[in-house]
Amino acid sequence: MGVKDLWNILSPVSERKPLFELQGKAIAIDLSCWVVDSQNITDNATQPKMYLRNLFFRTSYLLLHDIFPIFVLEGEAPTLKHRTIAKRNEIRHGGEEKKKSKKGVRSHFNHVLKECEEMLRYMGIACIKGYGEAEAMCAYLNADGLVDGCISQDSDCFLYGAKTVYRNFCTSTQGNRTTSGGSIDEYSMSKIRDIFNLSRNKMIALALLCGCDYDEGLNGVGKEAALKLFKVIDGDDILDRMKEWRTNSSKYRKMEIELSNPNICTNCGHSGKMRSHTRIGCADCGTSVKCSDSYKEKRTLIANELAIRKKALQVENFPSQELIDEFLQRKGSIPTKLDLQWKKPEIVQFIGFMERKVQWEASYTFAKIFPLMTRWQLLNLIEFPIEQRLTKSGVFVPEKIKKIRNIRSVASYEILWLDRDNILKGLILTPPECNKENDEEYPDALSELATIEPQEIVTKCYPQIVENFKALRYPKKKKTTRSRKKKVIDENGEEVQVEKKKPERKKRAKSKIELTNNRKIVDFVVTNPPLTLEESFSSITITPKRQKKDESMKIKKGPQFDRVMTIEKMDTILNGSLERMFNELTPEDFPSDVEDSMEMSLIIDNIINRRTPCKEISIDYQEIKQNSSKTPQVFTDYRTTDTAIFPKTACKEEADEFNLLDDTYVPLDKRVYKPQKRHSSVFSTPKLNNSDDDKLSFGIESLLNGTDD
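Per chain, residue numbering runs from 1 following the sequence as it is written. In keeping with the model being predicted, local features are shown solely for residues with a pLDDT of at least 70 and side-chain atom pairs are shown and tallied solely at 80 or more, while totals for entire chains, interfaces and linings include all residues. Neither water nor hydrogens contribute to the side-chain values; these are computed over all heavy atoms in the structure.

Draft legend 1. Representation of the overall build of the protein chain in the model. Think of it this way: any DSSP run of H or I at least four residues long counts as a helix, any run of E at least two long counts as a strand, and we number them from the N terminus. A count of helices and strands for the protein chain gives 28 helices and 14 strands. Here the protein chain holds 709 residues, and the buried ones make up 35% of them. Sequence separation of at least 24 residues holds for 70% of the intrachain contacts in the protein chain that already meet a minimum separation of 6. Areas reported as accessible are Shrake-Rupley estimates using a 1.4 Å probe. Residue values count occlusion only from the protein chains shown. Counting only carbon and sulfur atoms, one obtains 51% of the accessible surface of the protein chain, whose full area is about 47100 Å². Whether a residue is buried, partly exposed or exposed follows from its accessible area with a 1.4 Å probe, protein chains only, as a fraction of its type maximum: under 20%, in between, or over 50%, in that order. In what follows, residue pairs with any heavy atoms lying within 4.5 Å of each other are defined as contacts.

Draft legend 2. Here's a closer look at the sheet that holds strand 5 (residues 149-151). An order of 1-7-6-5-2-3-4 is seen for the 7 strands of this open sheet, with the pairing classed as mixed. The open sheet terminates on both sides in strands that have one partner only, identified here as strand 1 (15-18) and strand 4 (127-129). On average, each strand axis in the sheet is tilted by 30° relative to the strand beside it, whichever way the strands run. Its contacts with the sheet place helix 6 (residues 134-143) against strand 2 (26-30), strand 3 (68-73), strand 4, strand 5 and strand 6 (164-170), and it is angled at close to 165° to strand 2. Note on pairing: DSSP must find at least two bridges between two strands before they are called paired. Between N-to-C directions, angles cover 0 to 180 degrees, with each direction set by a line fitted to C-alpha atoms, over the stretch in contact for helices.

Draft legend 3. Examining the packing of aromatic side chains more closely. The pairing test for Phe, Tyr and Trp rings, Trp by its six-membered ring, is centres within 6.5 Å, and the orientation test on the planes gives stacked under 30 degrees, edge-to-face over 60, and tilted for anything in between. Applying the stated criterion to the full structure yields 18 aromatic pairs. Here Phe56 and Phe57 contribute two aromatic rings whose centre-to-centre distance is 5.3 Å and whose plane-to-plane angle is 65°, an arrangement assigned as edge-to-face. Look at Phe56 and you get buried, because its relative accessible area is 1%. Residue classification places Phe57 among the partly exposed residues on the basis of a relative accessible area of 23%. Residues Tyr413 and Phe469 carry aromatic rings whose centres are separated by 5.7 Å and whose planes lie at 70° to one another, so their mutual orientation is edge-to-face. In this pair, Tyr413 is assigned in strand 9 (residues 410-418) and Phe469 in helix 20 (residues 463-473), connecting sequence segments 56 residues apart.

Draft legend 4. Representation of the sheet that holds strand 10 (residues 450-454). Reading across from one edge, 8-9-10 is the order of the 3 strands in this open sheet, with antiparallel pairing throughout. Only two strands of the sheet have a single partner each, and these edge strands are strand 8 (397-407) and strand 10. Geometrically, the sheet is characterised by an average inter-axis angle of 30° between neighbouring strands, direction not taken into account. As paired elements, strand 8 and strand 9 share 9 bridges and run antiparallel to each other. Paired with Ile407 across the strands is Val410, a residue of strand 9. Helix-sheet contacts for helix 17 (residues 362-380) involve strand 9 and strand 10, and the interaxial angle to strand 10 is about 45°. Docked against the sheet, helix 20 engages strand 8 and strand 9, running at close to 65° with respect to strand 8.

Draft legend 5. Representation of the environment of Tyr474. Within the element layout of this structure, Tyr474 appears in the loop between helix 20 and strand 11 (485-489). Taking the relative accessible area as the measure of exposure, Tyr474 reaches 52% and is therefore exposed. Under the rule applied, a polar contact is a pair of N or O atoms within 3.5 Å (in protein, one hydrogen donor and one hydrogen acceptor; residues adjacent in sequence only if both atoms are side-chain atoms). Only 2.9 Å separates the side chain of Tyr474 from the side chain of Arg473, close enough to count as a polar contact.

Draft legend 6. Region of interest: the confidence of the model for the protein chain. For every residue, the predictor reports its confidence as pLDDT, a number between 0 and 100. Per-chain confidence: the protein chain averages 75 in pLDDT, with 63% of residues scoring 70 or above. The lowest-confidence element of the protein chain is strand 14 (residues 643-644), averaging 42 in pLDDT; the highest-confidence one is strand 5, averaging 95. Within the model, the stretch residues 432-445 combines pLDDT values under 50 with 29 contacts to residues more than four positions away or in other chains.

Draft legend 7. Inspection of the nonpolar core at higher detail. Residues belong to one nonpolar core when they are buried, are Ala, Val, Leu, Ile, Met, Phe, Trp, Tyr or Cys, and are joined through side-chain atoms within 4.5 Å. Leu141 and Phe158 are the most contacted members of the largest nonpolar core, which has 133 residues in total. The leading source of residues in this core is helix 17, at 9 residues.

Encoded structure:
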């Protein structure tokens with residue numbers, strides 16, 4: 001509907017918006033578009049009067065969301081549209097011929113619009129009737145600033161002068177293009193002009209070329225050819241240029257000769273051929289190879305215009321001045337001011353109308369119209385003084401606020417109402433058996449007269465009801481004043497006031513640990529008085545930062561050094577007790593080893609006795625010590641008494657396996673081991689006296705003296 005392919009061209013500038021952005025705005029609505037949409041959804045036999053049902057719910061949605069609709073009805077159809085109307089009636093009736101009093105009369109459609117107008121009147125909404133098309137009147141109202149936009153499916157609104165057009169109105173919460181609170185597509189004329197450079201005159205030219213509801217357009221001309229034409233011609237000159245196609249033929253003949261001239265380059269437009277310019281260049285362009293292609297696009301646009309002109313000359317009376325006047329000239333006067341006042345809904349008449357036309361139950365109809373009635377009261381009774389709002393006749397009186405509700409993030413109250421003036425008298429409101437919808441936003445108004453209203457408008461209209469609700473919901477806590485005086489009757493029967501003493505609070509018994517710790521803190525504070533600032537600074541000591549030792553300077557030491565250092569460290573910890581314990585050891589400290597050694601020594605003695613015995617040599621230790629410098633032989637120290645037994649060198653040599661054992665063996669019970677200096681070249685006998693010289697040395701000096709390395 002409207003100009004062919006115009007919605008497809010304007011789709012990039014479409015902006016999907018939620019319906020709540022229209023709050024507080026007045027919107028002109030093309031009622032015929034909503035009726036046609038409803039008739040295309042279902043068959044009339046399946047769902048009769050579907051257009052009335054959809055119109056009611058859409059209008060209720062707008063009113064409850066503070067969007068005031070202004071419905072525009074169709075007037076007399078223009079003569080240009082009679083042919084289109086005849087084709088639509090033929091398609092609607094399946095090709096059957098029907099007798100009509102006048103050609104192109106929309107009798108059935110006008111009857112439908114009258115039913116819609118009657119229902120809207122019962123809802124408190126007035127309608128405006130246009131002189132011709134409804135979208136034309138919507139566009140005029142928007143162009144004059146009387147409304148903020150117009151809702152229509154016809155793209156003709158832009159051709160009539162509309163500034164903002166809304167399309168694809170939807171209140172459903174299901175589908176890909178919907179939102180939780182409804183949505184709509186917005187088209188702004190300012191964006192269309194900035195992005196596509198399309199003005200109102202160019203859109204009229206597009207209708208002449210591609211076709212619209214009033215004209216079929218030129219055969220073989222599409223939107224691509226039309227948009228190319230608009231690149232060459234400005235918006236203010238487009239209509240005059242199209243008229244010039246038929247009148248100024250000499251101009252276009254020259255253009256045709258210029259394009260067909262073979263001696264003009266198709267790239268740059270200068271004299272010469274394109275092939276020669278490609279080889280040697282163009283002198284006019286100043287190039288040695290090839291030439292500029294600035295003329296190539298211009299040549300294409302000129303050829304496009306000549307092709308469209310050729311098709312336009314085949315159509316008589318092109319361009320149609322009647323079609324241009326339809327969009328540019330207004331047929332009647334436009335109101336300078338609109339009555340945007342929402343009138344009081346007529347509940348009884350509305351229930352009767354919907355029961356006759358749509359077959360709705362009276363109770364179901366009342367449940368749907370009652371929220372509109374209460375919302376009208378809250379919006380319109382604010383003009384009256386507070387004393388008259390509760391006493392005004394013909395309205396429902398708020399009884400109380402039942403509870404707080406939150407509907408789609410809007411803080412609201414659920415209010416109970418009273419029918420004080422018997423507005424519903426004579427109505428039989430039985431519970432509906434069918435067509436019952438579970439609407440979250442509107443509760444069942446039959447069990448109790450209840451509606452959900454925004455807190456903001458309820459507080460403005462009925463502030464006393466809100467204060468009473470808050471007083472019951474949030475009662476103030478009374479401060480309890482306890483009297484400290486107690487009344488006592490004395491011997492004479494007179495009352496005497498006695499002051500009460502506050503019960504002493506039991507102090508928590510502190511533990512002994514806490515007491516002692518606290519006593520230490522007190523003693524510290526007493527004995528150490530606080531220092532002054534100067535004294536505290538003087539007591540501060542600054543230590544130099546420790547430097548990390550260089551690992552390369554470390555001397556590698558063997559495990560023997562670490563072992564000795566460990567023993568020395570342990571000995572210092574034990575205060576030398578380890579050394580004393582070692583020096584005081586005797587053979588009796590190892591009784592188990594002695595017993596075992598005695599048994600083993602007997603066995604070894606029996607074996608040795610079978611061989612030739614060696615002679616024993618008794619040597620005095622003192623004498624050996626004196627001659628130690630002259631004795632190069634290394635001896636093993638075996639200490640029993642004052643003498644030591646050594647292997648005899650002059651023993652009889654015999655080839656026996658126990659020869660070595662016979663020469664060197666000493667019984668275990670006679671041996672007591674004492675550590676000696678290893679690898680010593682000079683033999684020294686240990687002292688028998690337990691003097692300081694006999695003490696073991698665990699230090700680094702003994703380690704260094706005991707090694708030749």
